[in-house]
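Here is how the chains run, residue by residue.
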Amino acid sequence: MAVILRLRLDPTACTGHGLCADLLPERISLDEWGFPIISGDVPPRLAAHARRAVRACPVLALRLARAAEQPRPRQARHRERGG
Amino acid sequence: MTGVSLAAASTGSSPLWYATRATGVIALVLLTATVILGVGGIARIELPGLPRVVTAGLHRNISLLVVALVGVHVLTTVTDSYTRIGLTAAVVPFSSGYRTFWLGLGAVALDLLLAVLLTSLLRDRLPYRAWRAVHWLGYACWPVALWHGLGTGTDSRLPWLLALDALCVAAVTGAAGWRLSRAARGPVRTATITAAVLLPLVTAAFVLNGPLQPGWARRAGTPPALLSPAAGLAWARGGGLAWARGGGLAWARGAGLAWARGAGQGSGPGAGPAAGPGAGLGSGPAAALRLAVAGAAAPAWLARRTAARS
Amino acid sequence: MAGPPNGGPQLSRSPGRAATAALRLTIGWAQARRPSRLAEHHARYGPLPAGRRAAATLADAVTAAGLTGRGGAGFPTGAKLRSVASGRGPAVVVANGMESEPASRKDQALLARVPHLVLDGAVLAAGAVGADTVHVCVDRARAGQAAAIRAAVEERERASPDPVRILVHELPRRYVSSEETALVSWLNGGEARPRATPPRPFERGVGRRPTMVGNVETLAHLALIGRYGPDWFREAGDSDAPGTMLVTVAGAAADRGVHEVEGGTRVGDVLALSGAAGGAVLIGGYFGTWHSVPQVAGRPLTAAGLRPAGGSPGAGVLYVLPDGCCGLAATARILRYLAQQGAQQCGPCMFGLPAIAADFEQLAAARPQAGLLARLDRRLGVIPGRGACRHPDGAVRMAASALAAFAGDVRSHAAGHACAAAARRGPQPDGLPVPVPGPDGGWR
């Protein structure tokens, strides 16, 4: 029974150190200003790396929890065509 | 070696005492490295081959090594029955009879170190601000440890040690000063910059007027029983063991082991494998140095392995 | 329920205009020179319904009436009342009169003319959710507003005290300070910055109590529903936008200002009512969307009506771009303002908004750097959804709508040619109310 984990970032705490992107490049990339973009949930094979990334954050802005217990992060789109 | 051992033997030359001094010096050097790595992390310094995670990992692992070395330092001090420093004196500041103030500073440094260690282990459960406040107190750990070493240290007169201390002071003052120059303006910043500028000056003034002057041991608070010159001559003739405690001259003739403890002069002419504990690894301080260098290389190796794996 | 007693507001329509202005909240505003006194208020609208039965049935009446929030989000008010009422412990009501949207005037006008209607609504809401306190929040920078409301509160206490305590607070003027969680944060002693949800105010807000935050116009409508019932409310408007709403028309319009229209009125009719003359309109305030007038005139000014065009009515603000003014320049000014007004808490907003403002300034000046449009497109894709509040999301949505609505201008500006109209006549004042950032008053 695979447990999917979800990364959650506290955007007010994050100051763009970028250690998380170094340790989990499969799911975290940095925008041009150094702040993380999280792209998707964490499958079991990446769980250990994700935990290391969470521990590495100097300001403890990154958290990891089970996907089922968390709301999906807002995916705001800037082009709304129809719907 | 005789000249050095004369000075070194001024407060005894048991292997425990050597270990105490050695671990103290190495811990201070590694603490310097920890502070610099910490500043480098906050400053987001990234060098080729040294990504942020490695800097952060080194900072953490070297500080753990510092804690381990200080643990050994405390243990060897406490088990060395010569100075009768108890375990409580190591954590309760200013409670020892031996050089009360200077040893007490060591206890203060240890308490600060333990506070930083504890809050860092419990980081997930503490509010971030609390953890950060204690971590900033850790900056104070460094000068306190330095003065503890200069005040209690047997080796405070050795030129190479003074040079090492000066190097560490320069490194920490430079790093901390650079970090402060990027902080927000305000009274806190002004106060800490003033402190950073005053530190080397005050330390230099202290060293020149303190440990480098004769009679420092007595002024620093060494119990009279351990001071030179004290009453009594002790003679030991013939071969075999010759043991002299307390102040005064201790003279051992003939072959065999010759031990000289206590303040003051101790010489053993013609002793065979005389004056030299830790003969296996070589003399005390050098042995500890070799051990500590090996220990310091371990976290760097570990960090490289971790970075390579991820 | 029978019609309102003693000649209360029948739905009156002003004759002789293509569009219809409905007068319920705005009766007598044209002649009013000062806030209406309590006696006049009771003469016009009748007494405030009191008693436990009225309180118990209010939430149902409001739900049946179909009232939705008039602060911009459009959340069903009845559902909100019910959520707060079912929370644990005594509740709190907050009347949001901040109106931090620079082009909007309706809340100020309401509080200046009929403060008692707003206070009635707040008191009725407090009865319905079991609250003992009402906090009225207004902008500190609007001189005299708080004093006028306090005078109205004192007038009520002298006549017949309300069953709840009414406190008036003055908050710092920031674009984001009128957000629900920002108000709650300030009332709890902190700064007027939005907080990352959860918990939402209706669960735990002021003093950790369930909190009902209502726009002052919503509360005014609520006060009338409490008197005349949901059927009366539905006599105006249409089935999915019942009742009336206040709109503010700004920019190139002869009859600029606040108008009350029935729900479902078409955008074109609202523009005609206010004598608007322009080719493009920004609907929904600075977080809204740009549209070309011909494309949107036939659509109702409702959430459902504008959704196919990618827009929403927001707080009912329409800014009409004068002919001869450049929409891209107006957008650049708005973006620069929004960037400066952020809470400065989150990286993507703090750095992203000034970056796209600079991009738009380049575009408007027709001096684009290489790769400007591609860079702008990438940034607009990356900024939304990564902050603690919707401030960056709103700014990006507005910017993207400008690129679509002024597509022709975008092409010519990107090629280095400025607007033909602007080139002909030189830059015109566009009447866009972008406040010049004053000295930082702080967040407290």
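So, a few notes on the structure that sits alongside this text. (Residues numbered from 1 in each chain as written. Chains lettered and ligands numbered in written order. Predicted model: local features only at pLDDT ≥ 70, side-chain atom pairs only at ≥ 80, totals over all residues.)

**Side note on the overall build of chain B**
Part 1 of the reasoning: In terms of regular secondary structure, chain B is built from 10 helices and 5 strands.
Part 2 of the reasoning: Taking all 310 residues of chain B together, 35% fall into the buried category.
Part 3 of the reasoning: By sequence separation, contacts in chain B at least 24 residues apart represent 57% of the contacts at least 6 residues apart. (Helix = DSSP H or I, 4+ residues; strand = E, 2+ residues; numbered from the N terminus. Buried ≥ 20, exposed ≤ 12 C-beta atoms within 10 Å, placed from the backbone. Contact = placed C-beta atoms within 7 Å.)

**Description of helix α3 (residues 77-85) of chain C**
Residue and element names in this part refer to chain C.
Part 1 of the reasoning: The complete set of buried residues in α3 reads T77, G78, K80, L81, V84 and A85. The buried residues of α3 all sit within an arc of 160° when viewed along its axis, so they share a single face.
Part 2 of the reasoning: Tucked inside the fold, the buried residues of α3 contact α2 (52-65), β3 (91-97), α5 (115-129), β6 (211-215) and α8 (216-233). (Arc of directions from axis to C-beta.)

**Some thoughts on the interface of chain B and chain A**
Part 1 of the reasoning: Chain B puts 9 residues into the contact, and the matching count from chain A is 11 residues.
Part 2 of the reasoning: No other element matches helix α3 (residues 52-79) of chain B, which puts 3 residues into the side of chain B that touches chain A.
Part 3 of the reasoning: Across the side of chain B that touches chain A, the residue classes tally to 4 nonpolar, 2 polar and 3 charged. (Nonpolar A, V, L, I, M, F, W, Y, C, P; charged D, E, K, R; others polar.)

**Some thoughts on the sheet that holds strand β12 (residues 289-292) of chain C**
All names here are of chain C.
Part 1 of the reasoning: Read from one edge to the other, the open sheet built from 5 strands follows the order β10-β9-β13-β11-β12, with strand pairing classed as mixed. Each edge of the sheet is formed by a strand with only one pairing partner; in this case those strands are β10 (257-262) and β12. Going across the sheet, the axis of each strand differs from the next one's by a mean of 30°, ignoring polarity.
Part 2 of the reasoning: Taken together, the 6 bridges between strand β9 (residues 244-251) and β10 define a ladder with antiparallel strand orientation. Opposite V247, over in β10, you have H259 as the bridge partner.
Part 3 of the reasoning: Together, β11 (280-283) and β12 form the strand contacts of helix α15 (residues 391-405), whose direction differs from that of β12 by roughly 20°. (Pairing = 2+ DSSP bridges. Axes fitted to C-alpha atoms, helices over the stretch in contact; angles between N-to-C directions.)

**Some points on the sheet that holds β3(C)**
Residue and element names in this part refer to chain C.
Part 1 of the reasoning: Taken together, 4 strands build an open sheet; the order of strands is β5-β4-β3-β6 and the sheet is parallel. Both outer strands of the open sheet, β5 (165-171) and β6, are each paired with one neighbouring strand and no more. Pairs of neighbouring strands in the sheet enclose a mean axial angle of 20°, with direction left out of account.
Part 2 of the reasoning: Two elements, β3 and strand β4 (residues 131-139), share 6 bridges in a ladder whose sense is parallel. For A91, the partnering residue across the bridge sits in β4 and is A131.
Part 3 of the reasoning: Its contacts with the sheet place α5 against β3, β4, β5 and β6, and it is angled at close to 155° to β3.

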